[in-house]
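Chain and residue survey
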Amino acid sequence: MSGEDLVVQLARFARELRERGIATGLADEVDAVAALTFVDLSDRAEVRRALLAALKIRPRDRAGFDELFARFWAAENPGEIPARESATPDRPGRVRPVARSAGGATTGASTAPGADVPEGTIPGYSAEALLRRKPFDECTAADLAAMERLLERLASKLATRRSRRLVPSPARGAADLRRSFRRVVGTGGEFLTLARRTRATEQPRLVVLCDTSGSMDSHSRFLLAFVLSLKRAARRTEIFAFNTSLVRLTPWISPRKIGPTLERLAAGVPDWSGGTRSGECLSEFVARYQDAMVDSKSVVLIFSDGLDRGDTALLASAMRSLHAKARKVIWLNPLLSDARYEPTARGMQAALPFLDVLAPAHNLESLERLLPLVAA
Amino acid sequence: MRPEIRAMQEAMEQHGYIAGPEIATAVFLAKEMRKPLLVEGEAGVGKTEIAKVLARILDTELIRLQCYEGLDVSTALYEWNYQRQMLRLRMAEDEGRAPDEIEQIIFGRDYLLERPLLKAISRREGPPVLLVDEVDRADDGFEAFLLEVLSDFQVTIPELGTIRAEHVPYVILTSNGSRELGDALRRRCLYLYIEHPSLEKEVRIIRAQVPGASRRLAEEIGRFLQALRARPLAKSPGVAETIDWAKALIRLHRDHLDPETVEETLGCVLKDRHDVSGMTSAELSSLVREAREIEVAAP
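Right, let's walk through the structure included here.

Re the interface of chain A and chain B
Of the residues lining the interface, 37 residues belong to chain A; the matching set on chain B comes to 35 residues. Buried area between chain A and chain B, both sides added, is near 3,400 Å², and the carbon and sulfur share of it is 53%. In this assembly, chain A and chain B are joined by three salt bridges. Among the ionic pairs, Arg 62 of chain A bridges to Glu 22 of chain B, the shortest N-O distance being 2.8 Å. Where chain A touches chain B, the interface holds 10 residue pairs in polar contact (both at pLDDT 80 or more). Listing elements by their share of the side of chain A that touches chain B, those giving two or more residues are helix 2 (26–36) and helix 3 (44–54) of chain A.

Topic: the packing of aromatic side chains
Under the defined criterion, the tally for this structure stands at 13 aromatic pairs over all chains. Ring centres 5.2 Å apart and planes at 45° place the aromatic pair Phe 224 of chain B and Trp 245 of chain B in the tilted group. In this pair, Phe 224 of chain B sits in helix 11 (residues 215–230) while Trp 245 of chain B sits in helix 12 (residues 239–251), placing the two residues 21 residues apart along the sequence. One exposure class covers both Phe 224 of chain B and Trp 245 of chain B, and it is buried. Taken together through their ring pairs, the aromatic side chains of Phe 13, Phe 65, Phe 69, Phe 72 and Trp 73 of chain A make up a single cluster. Above the ring of Tyr 111 of chain B, the side-chain terminus of Arg 84 of chain B is found at 4.6 Å from the ring centroid.

Quick look at the pattern of salt bridges
A full pass over the atoms with the stated rule returns 42 salt bridges over all chains. With its nearest N and O atoms 3.2 Å apart, the salt bridge here joins Glu 29 of chain A to Arg 18 of chain A. A residue pair is termed long-range when its members are at least 10 positions apart, and Glu 29 of chain A in helix 2 and Arg 18 of chain A in helix 1 (residues 3–19) qualify at 11 residues. The partner of Arg 292 of chain B in a salt bridge is Glu 220 of chain B, with the nearest N and O atoms 3.3 Å apart. Of this pair, Arg 292 of chain B sits in helix 15 (residues 281–297) while Glu 220 of chain B sits in helix 11, placing them 72 residues apart in sequence. The class for Arg 292 of chain B is partly exposed, based on a relative accessible area of 25%. Salt bridges here are not isolated pairs; linked through shared partners, they connect Asp 28, Asp 31 and Lys 56 of chain A together with Lys 35, Asp 183 and Arg 187 of chain B.

Some words on the sheet that holds strand 5 (residues 129–133) of chain B
Hydrogen bonding along the main chain pairs the strands of a sheet, whether they run parallel or antiparallel. Residue and element names in this part refer to chain B. Taking strand neighbours across the sheet as the criterion, the five strands line up as 2-5-8-1-9 in an open arrangement whose pairing is parallel. Every other strand in the sheet has two partners, leaving strand 2 (62–66) and strand 9 (190–194) as the edge strands with one partner each. Adjacent strand axes in the sheet meet at a mean angle of 20° when their direction is disregarded. As defined by bridge partners, strand 5 adjoins strand 8 (residues 170–175) across four bridges and the pair is classed as parallel. Looking at strand 8, one finds that Leu 130 is bridged to Val 171.

Section: the pairing of strand 6 (residues 154–157) of chain B
Working note: regular strand, side chains alternate between the two faces of the sheet. Residue and element names in this part refer to chain B. Here strand 6 shows a clear split, with Val 155 and Ile 157 buried on one side and none of Gln 154 and Thr 156 buried on the other. In the sheet, strand 6 pairs with strand 7 (residues 161–164) via four bridges, with the strands oriented antiparallel. If you follow Ile 157 over to strand 7, its bridge partner there is Gly 161. Two successive antiparallel strands, strand 6 and strand 7, enclose a turn made up of three residues.

Points about helix 4 (residues 62–72) of chain A
Within the span of helix 4 of chain A, buried status applies to Arg 62, Gly 64, Phe 65, Leu 68, Phe 69 and Phe 72 of chain A. Taken down its axis, helix 4 of chain A places every buried residue within 155° of arc, on the same side. Residues of helix 4 of chain A that are buried sit in contact with helix 1 and helix 3 of chain A together with helix 2 (21–33) and strand 9 of chain B.

Comments concerning the side chain of Arg 123 of chain B
All names here are of chain B. Examined against the element boundaries, Arg 123 turns out to sit in the loop between helix 7 (116–121) and strand 5. Within the structure, Arg 123 has its side chain in polar contact with the backbone oxygen of Gly 126 (distance 2.8 Å). Aside from chain neighbours lying at most four places away, what touches Arg 123 is Thr 60, Glu 61, Pro 128, Glu 166 and His 167.

Definitions and limits used
- Residues numbered from 1 in each chain as written.
- Chains lettered and ligands numbered in written order.
- Predicted model: local features only at pLDDT ≥ 70, side-chain atom pairs only at ≥ 80, totals over all residues.
- Heavy atoms only, no water.
- Contact = heavy atoms within 4.5 Å.
- Buried area = accessible area lost by both parts, 1.4 Å probe.
- Salt bridge = Lys/Arg side-chain N within 4 Å of Asp/Glu carboxyl O.
- Polar contact = N/O pair within 3.5 Å; in protein donor to acceptor, adjacent residues only side chain to side chain.
- Helix = DSSP H or I, 4+ residues; strand = E, 2+ residues; numbered from the N terminus.
- Phe/Tyr/Trp six-rings, centres within 6.5 Å; stacked < 30°, edge-to-face > 60°.
- Buried < 20%, exposed > 50% of the residue type's maximum accessible area, 1.4 Å probe, protein only.
- Lys NZ or Arg CZ within 6 Å of the ring centre and 35° of its normal.
- Pairing = 2+ DSSP bridges.
- Axes fitted to C-alpha atoms, helices over the stretch in contact; angles between N-to-C directions.
- Arc of directions from axis to C-beta.

As C-alpha cells, this is what we get:
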C-alpha cells in the first residue's frame, strides 16, 4: 500500500470518527500522517498508539475509536489481534512486516479499505447529542455518569458577571492613576510600579429549591446533579429540598463526586416520594432563611411541577416575598416540555404572577438554555 | 515496535520513570515531530514527572511555568526591571550623557527580567524542555496567548524587537481536567492520557522509586492501593501517594502491612476528610487482609 493510500485511509478513518461524534479536524489528520512516518507500520498496536496521540483521542472517546480502529486496521491474521497493551515492551508485532521503500511509508498491515467500507453507509450519530436530548425520566444510572461530564461543562460555562465597578487589581487592567500617585509618595516621586484596576467579577448568588416529591422523582436526581455542578461554578449556592417539609441540603453537598452525594442525600431527605406542600415549605424558607440568603443579587431557582396539595394562598404570599427580594425568580417545570401544557394547576397559577422566568427542565438541552438566564 | 521507541522507553526507565508503550510512543512522537504534548490525567499519576525525565534524558534544562488563575503575560513572559532602570537613570543624571544613549542603556537585555516562556525561547545552549504545568488553572485569555507563543516561538518586545527561538523547545503541558481546555490549544498539541497504573506497573514503580522496599511489601502496597481505588472516593490516591506511603512504611521499618500501621499512616494515601472518616477499622482490616492473602494463595 502506497503512502497515498495511507493518507486516503486516514481521511476515511477520520471521517468515521467525526460521524461518531469524535471531533477530528484536518490539522489532526495531518498530524496523524506525520506521526505514522515515525512508527513501525507493521505493528498494529504501535499504529494505534500513534493515532491516539496524534488524533488527540480523549478517554471518553476511546471505546468508539477502538471499535473503528479494529475495522479499519484489521490484522492479517485476525486470530492474533493483540487485545491489550501490557507493560512489557517485548511483544513483537503480530502482523507480517513489510519492507519499507525509501522515502515513503508503506504498509502491508491493513486490508484495502476501499473494498470493505463503502462510503456513507455508516449512519451519523453523536452519542453526546442524543444524551443531551434524552428526557431525564428515561435516563438510567449509567446515563447519569455520562451526563455528569456534560453537566460539568455546562455549569462551568456559567458566566461570571463582570460588573461595571472597577476594583484594584494586582496585575491586569487599566492604570489607576489615583492609586499610582498615592504610591509614588512613598518612593520619593519615582514611579516604581503602576497600580491597576479592572472590572470586578461577581458570581451570582444562587438559591435552589427542589421539589423532591413523587411526581418530580425521576427528574429530581438529575436536577440535583445539575445543581451540584452549578455549585462548582457559582460558589455561593444554597440548595434546599422540599416536599412535605423543607430540608437544607447545602452542608451535605460535596461538589466532587455526584453519585455518592446523591445517595447520601436520598438517605437523608425524608419523603423522597410523597405529595408536595409547596406553600408551607416556601413559607418556611421565607421565614427562616430568606433574610440571610436572598439579596438583590440572588437568583432563586425553583424546580417543581406545581402539582400541589398544600395551601395555595401561602404559596402565593411566599412567592410574592421572594420576588420582591431577589433579583430574579426562575421556575423550572418539567411539564413544560409538552407544548400543549398550560399552567392550570393551582400551584402554578398561584405562583405565576411572581415569576420572572418559567422554563422547562426536562433534558440537558433545556438546562443549557437556562444558563444565560441565570447569569444575566 | 520501533527500536527508537523502545529505546525511549528504556531510557525513561533508566531515569526512574516506568512508562508503558503508550506513554513512550507519545513522548517519542512529540520529541520527533517537535510538537507540544498535552498530558491529561488525574492528580498524582505522573504527568509532571514526564517533563522532568525528558529533560534528564535529553540532558537539557527544565524550564517550568506553573499556571494559576490570574497568571498574566508579564509573569509568564517578561517584565522590565523598573527599579533597576530608575536607579540607572538617577546615576545617569550626573554622567551627562545624551538622552538617546541613556535610553539604549536602560532598555538593554540586562534590565529585562526573563520569565519562563522567554527563557525557554531565548536559550542559547540548546533546546530546553518547557513544562507548562496545570494549564487548566489559567484562564482563556492566557491560553490564547500561550497558543500564540507555541505557534511561532517568537516574542516581540517593543523596545528590543522580535526575539526568535534559536532552538525550538520541547513543550509539555499538563492538565488536571478541572477546566475544559480550548479546542485550538488541543489541536496544537499531541495528546496523552495517563490512567492510574495497573498492579504490575505500580509494583514496578514502587520498586524503582523506593529501593528499600522488598518485593513482598511492594506487592502488598500495590494490591492495597488497587483495591482502594476501586472504591468510591472523593479523592483517589495517585502514584505520588503510593510512593510517599511506601517511603513512610520503610521509615517505620515495616516489611509488610498490618491494620494498625495502615490506620496510622492512612494520611499518606487518603487526603480528603470524608474519605478518611468513611473508612472504618473493619473495612481497613479486610482490605489489608486481601492485600496480603493473595500472596499466600499463590504457589
